[in-house]
Amino acid sequence: MRLEDMIIPKVDPLDSLTFRDLAELEAALQIGDHYNYGEDDGWKGDWAGNLDLFRKEVVVNKNFLNIHPSAKPIRIDYCDWVASNARNKNDLRGLELLFRYVYHMKGTPSMAKKILAHALQRPAQSSEERLDFIIKAATRMNYDPIVLKQDGWTIKKTESAEGPLGGAIYIGRRVMWQKHEAVIVAYIPDETYGGLWKGVFIEDLDTFDMEPGELQMGLKKWESKQRQKTTRSSTQSGSTRFAATAKFSVPGIENGIILAKPTNRASKGIMWPARVRNVVEGKLTADRRNSSKNQIHVIFLAPFWNAQDASVSKISNATDPYSIGPLFEYDTIEVSEYNIQEYTFNTLSIEKLETSFQFLGLPKGVFARYLDSHRLAVSLKAYAIKHMSKNRDSEDQLLASASLTESHILSVKAPIFPDVVLMLPFDYILSKLPHPSELASSLENEENTDEPVIDIDAIVHSLSPPECFGKTSQTHRDSSCLTPDTLPSSPDPNFTPAKTAKRALQLASEENEEDDDAVWSINKFASDFLVGLFQKESVDNYSIEGVGQLGKLITNLVAKLRQTCSAYQGYGTHKKVFELKKVLCQCLLIKGHGEDCIEFSSIPPGVSKATIVNEWRKACERIYKRAVSKLSFVGVGNGVTSVITDSRCNGHITQLGSFERPVRLPAAIKGAKRAGAGTDPNVLLLTEVEDSYYNMAEKVVIPKAHKKSYIKRLKTKIQSIPPDQKGVPLTEDSDGEGGDDTMGSRGSYAAAVVGIGASLKAVDMVVTGKCVNVFCAIRPPGHHAGLELRPMQAVSNGFCLFNAAACAAIYATTPLSQGGLGLRRVCVIDFDVHHGNGTQDILCSTYDPRYLYVSIHAGGAHINGFEDEGSEDESFRHLLGGRKTEGIFPGRCGDSSPHKGVLNIPLGQKVTASAMGSALVSQVTPRVEEFSPDLIILSAGFDAHENDPLGMGGLSAADFGSVTEVACQMAFKTCSGRIISVLEGGYGVPCCRPRNDLFLPTNSEERLLDLGDDLPSNMGDEVHYTLRQKLDKCHEEGFLECVQSHVKSFVKCNGKSR
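Procedures and definitions
- Residues numbered from 1 in each chain as written.
- Predicted model: local features only at pLDDT ≥ 70, side-chain atom pairs only at ≥ 80, totals over all residues.
- Heavy atoms only, no water.
- Helix = DSSP H or I, 4+ residues; strand = E, 2+ residues; numbered from the N terminus.
- Contact = heavy atoms within 4.5 Å.
- Pairing = 2+ DSSP bridges.
- Right-handed = clockwise from strand over helix to strand, strands pointing away.
- Buried < 20%, exposed > 50% of the residue type's maximum accessible area, 1.4 Å probe, protein only.
- Axes fitted to C-alpha atoms, helices over the stretch in contact; angles between N-to-C directions.
- Parallel < 35°, antiparallel > 145°, perpendicular 65-115°, else oblique.
- pLDDT = per-residue confidence, 0-100.
- Disulfide = S-S within 2.5 Å.
- Core = buried A, V, L, I, M, F, W, Y, C linked by side-chain atoms within 4.5 Å.

### Here we look at the environment of Gly-94
Piece 1. Here Gly-94 lies in helix α6 (residues 93-103).
Piece 2. Each C-alpha atom, one on Gly-94 and one on Glu-24, is 8.4 Å from the other, the two residues being 70 residues apart in sequence.
Piece 3. Discounting chain neighbours no more than four positions away, the residues touching Gly-94 are Leu-25, Tyr-78 and Val-82.

Structural data, given as structure tokens:
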């Protein structure tokens, strides 16, 4: 809190309430004799209790209930109700009356009266600002030291214990309460408990009172947390001052390249590639005198923010304003996990760079500079890996060196690059490389779109004889060099995409003239390394059992594909689809069988089993791509995206006031249509799930994902609902708890099952080559539904009934003999704003090598609290959209990753585009590529959008398109583009029907979302007034646009030939 907010000027006394005023206040608060019978009339006995009535829930549809007694009451906080009816800054009379009542109560401290009056009398520009003053005043009176002292509390710590309970000696002590850190600020004797202590949460200054037993428990938890604190690390927030430690390090620091956050404000806080200076490098006396042991010196590579210093630039051909500044910038940064990250790139994929750049929120013109920074970073990293000796000192020795030189260990670990390397004319070298647009066009049809890395070692050797005399020598070149042997030459000055396309057609024509046997040679699919293993009976006198047989398998598979392609044109449509499916399934089965053979073979020393497996996978996927390319036809195969939905999903009808409204599905379909579904011949809109998939889902797959007791409970509950009733709790337990947010109707069971059927159909279509990718527009969502009710100690099922993503993964990995597709590995990537506890519970409760579950979501230990060992306190649970002091649904289960089959990435209180992009590029992509899935499934939740009513995200619709593109790039690299997505969260759908609130005034200017024919005539859309206000901004951009961008990115990525 600012100092000026603490100082209160002179204020006028508040008027006391008249009898009419008191009656008006009691009617608004729904208390007093008229509303409460018996001794308790609703008023509290103390001033603080009555002040807290501003949070009291009131029923806002009482008039409607008088007409319709069977309807459900709508309850909102009194404060919110008053604010929703305010028209100007002086229209908060309901709260003003409450403050005046408390002001004139007997026992109200004089300082509290001053705070109350100041909140109502200080100048305000709007009703929102006035409301903010009122809320802050009500909060402040709970911890203001003068108010507490006047109210009888002791606020000064004593030096010794007072009585058996200790009294004020505990003031200033830290405690853990409801899994959050707090501090004791006051003590008061109490006749009932002996004493009470007032605590204040450090995070938001909210207060609470503790009894003696609770105080001792809080103190013990705090001490326990301090013992564990060395192993805890918060995510994405906190103070850099306290995060920095002497032992902090990042992987790859020995290569000298990191991502760092510049101190220059013009950089907008973007993580940028930088080289870490070694402690002995360039002894800068002034900097060394003033530097901290928790700081390091770095050189930022090709920064975009220093363009104003163009006078010292050496770049002669810079044509954009972001490339005219110096190529390197010196900076000193604080060491912490918030300022420094690992640099993960080893090669340069233009697609990955373009996608990661989109998350940064920078102008498009910065991309050329962004590319140059990574060109420099990757080349320096490659040089350090291949040509610089590593520091062999132990960690203790390195720490000792850092202490002696009064520097940080990162500066000691960083390599010392030779002066000749650092003095190379990098500006000139970069100016000769292709422009990003030219490079992307030249690599468009290449399987490997990585740009060759600048070979610094080759450049350095070219400066010495005999190269400097114009003679060539290859003695210095290493056959195992990390980078390709040649660099792309500078583009033709007359370069045009059309010229490149013409050349590509010429090359294709020349290839068609080659001998047909050469086109179908095994060398076209398998690398020379793998072919060499096929052809040799032994390597270094060691037999590699089974690998020779794999050569025969892959040769036969290619021959079968060649035979099918020859006869393909004579087949009918049904026969073509059947043959395509047969070839592709056989290809994937052989791929899995080969992996098993290699895994259990005896590999001789010096031969990497991982390399053999990797090359084998690539060979099989090349055959898969050739099959899809050769056997595709109009509406089937390459370039085809499908959108699957079913009208039965509309049968799931939730309660009034639920975020998960039925209109989400028509809005999703509308968004998909805007992306071309149903009108573009290559974007199919399939509006029905066949009975075969429905039956398979209900009888075969769902029982594998969910326990029978859970299925039976859910089905029985839904069947008991009268046909005309809706909004019935579906997932409450035997105590009646857990059903607060998961409501439904008689059609909910069929809707959930048909959603699973849609996901199974999607997997079938992608794996068998009918299309490249599929979006399943289904509801209810599913990623919070686990093996049984409320998985991983969640407080509810979070709108979910059956888990479509988990069911799709199980179906894909089920052996063919059991009705599945027999895939070996499936990766589920969940970008809903909430952690998919249900999916993790089903697929990864223990490590299963078939599955990798990745979740990027809001949360973190600093928000959800730390788990205390041995604690049985389960009171810290969370509802969807709960207050921040309650944590984020579904709880702490997504704050850490239990084993290598799970990658949970919590991004803090709010998911931002930069955090999402950084996580995708630096953590998700490397893990997924290492896992090498046969299929990727997206749990596509759009509730991290900046306008979503949950208010937990900062992403735009375009950002969701970028997320989708990153996922598609991973799919193309690992599994020939096979990817499906199933709809999860996302609630930013503006109102679609006029409101019918009898207790609120009508609004002639009410805006409605026009869904046209996609909105069924019998589908209502009743929305609370307060929620309607939040949804109004979604007219500009919301859920519909997110789905549109998601599907559009699927279509865009289909332009890449498989």
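### Considering the pairing of strand β15 (residues 683-686)
Each regular strand shows side chains that alternate between the opposite faces of the sheet.
Piece 1. Bridge count between strand β14 (residues 641-644) and β15: four bridges; the pairing is parallel. Residue pairing across strands places Thr-641 opposite Val-683, the latter belonging to β15.
Piece 2. In terms of handedness, the path from β14 via helix α27 (residues 664-674) over to β15 forms a crossover that is right-handed.

### What about unusual backbone geometry?
Piece 1. Each neighbour pair has its own omega, and for Arg-779 with Pro-780 the value is 5°, a cis peptide bond.
Piece 2. Cis rather than trans, the peptide bond between Phe-889 and Pro-890 has omega equal to 0°.
Piece 3. Turning to its location among the elements, Pro-890 is positioned in the loop between α33 (861-864) and β21 (902-906).
Piece 4. Even without being a glycine, Gln-30 presents a positive backbone phi close to 60°.
Piece 5. With respect to the helices and strands, Gln-30 occurs in the loop between α2 (19-29) and α3 (47-51).
Piece 6. Judged by relative accessible area, which is 14%, Gln-30 ranks as buried.
Piece 7. Phi angles above zero are rare outside glycine, and Met-792 is one such case at about 55°.
Piece 8. Structurally, Met-792 is set in the loop between β18 (773-776) and α31 (804-813).

### Brief notes about the side chain of Arg-100
Piece 1. With respect to the element layout, Arg-100 can be found in helix α6.
Piece 2. Every residue in contact with Arg-100, bar those within four places of it in the chain, is listed here: Leu-14, Asp-15, Ser-16, Leu-17, Asp-21 and Arg-93.

### Some thoughts on the sheet that holds strand β3 (residues 174-177)
Either a parallel or an antiparallel arrangement is found when strands of a sheet pair, and the pairing is made through backbone hydrogen bonds.
Piece 1. With respect to topology, four strands assemble into an open sheet ordered β3-β4-β5-β6, the strand pairing being antiparallel. The open sheet has two edge strands with one neighbour each: β3 and β6 (207-210). Between one strand axis and the next, the sheet turns through 45° on average, direction left out of account.
Piece 2. Pairing of strand β5 (residues 196-201) with β6 involves four bridges; the strand directions are antiparallel. By the bridge assignment, Lys-198 is partnered in β6 with Asp-209.

### Things to note about the packing of helix α7 (residues 110-121) against helix α8 (residues 127-140)
Piece 1. For the pair α7 and α8, interaxial distance at closest approach is 8 Å and the crossing angle is 170°. In terms of axis orientation, α7 runs roughly antiparallel to α8. Here Met-111, Ile-115, Ala-119, Leu-120 and Gln-121 of α7 lie close against α8, whose contacting residues are Arg-130, Phe-133, Ile-134, Ala-137 and Arg-140.

### Thoughts on the environment of Asp-52
Piece 1. Relative to the elements of secondary structure, Asp-52 occurs in the loop between α3 and β1 (57-59).
Piece 2. Relative accessible area serves as the criterion here: at 40%, Asp-52 is assigned to the partly exposed category.
Piece 3. For the pair Asp-52 and Ala-138, spaced 86 residues apart in sequence, the C-alpha to C-alpha distance is 7.8 Å.

### What about the pairing of β3?
Piece 1. The sheet contact formed by β3 and strand β4 (residues 180-188) spans four bridges and is antiparallel. Within the sheet, the bridge partner assigned to Arg-174 lies in β4 and is Val-183.

### Concerning the confidence of the model for the protein
Piece 1. Summing up the model confidence of the protein, the mean pLDDT is 84 and the portion of residues at 70 or higher is 84%.
Piece 2. Contacts for the low-pLDDT stretch residues 283-291, under 50 throughout, to residues beyond four places or in other chains number eight contacts.

### Here's the deal with the state of the cysteines
Piece 1. Scanning all chains against the criterion turns up zero disulfides.
Piece 2. No disulfide involves Cys-1042; its nearest neighbouring cysteine sulfur is the one of Cys-1034, lying 8.8 Å away.
Piece 3. Residue Cys-1042 is classed as buried on the basis of its relative accessible area, which comes to 0%.

### Considerations on the nonpolar core
The tendency in soluble globular proteins is for nonpolar side chains to be buried as a group.
Piece 1. Formed by 167 residues in total, the largest nonpolar core has its most connected members in Phe-802, Val-924 and Ile-936.
Piece 2. When residues of this core are assigned to their parent elements, the largest contribution, twelve residues, is made by helix α30 (residues 748-767).
Piece 3. Those residues in contact with Phe-802, other than ones at most four positions away along the chain, are Ile-702, His-706, Tyr-710, Ile-711, Leu-714, Tyr-749, Ala-752, Val-753, Ile-756, Pro-781, Gly-782 and Ala-785.
Piece 4. Ranked by size, the runner-up nonpolar core spans 57 residues in total, among them Met-271, Tyr-370, Val-453 and Ile-456.

### Notes on the sheet that holds β21
Piece 1. Here eight strands make up an open sheet; going across it, the order is β15-β14-β18-β23-β22-β19-β20-β21 and the pairing parallel. The open sheet has two free edges, formed respectively by β15 and β21, since each of these has just one partner strand. Averaged over all pairs of adjacent strands, the angle between strand axes in this sheet comes to 15°, irrespective of strand direction.
Piece 2. With five bridges joining them, strand β20 (residues 851-857) and β21 adopt parallel strand pairing. Opposite Tyr-853, over in β21, you have Val-902 as the bridge partner.
Piece 3. Against the sheet, α30 engages β14, β15, β18, β22 (935-940) and β23 (979-983), with an angle of about 170° to β18.
Piece 4. Here helix α37 (residues 1039-1053) sits on the sheet in contact with β14, β15, β18, β22 and β23, set at roughly 165° to β18.

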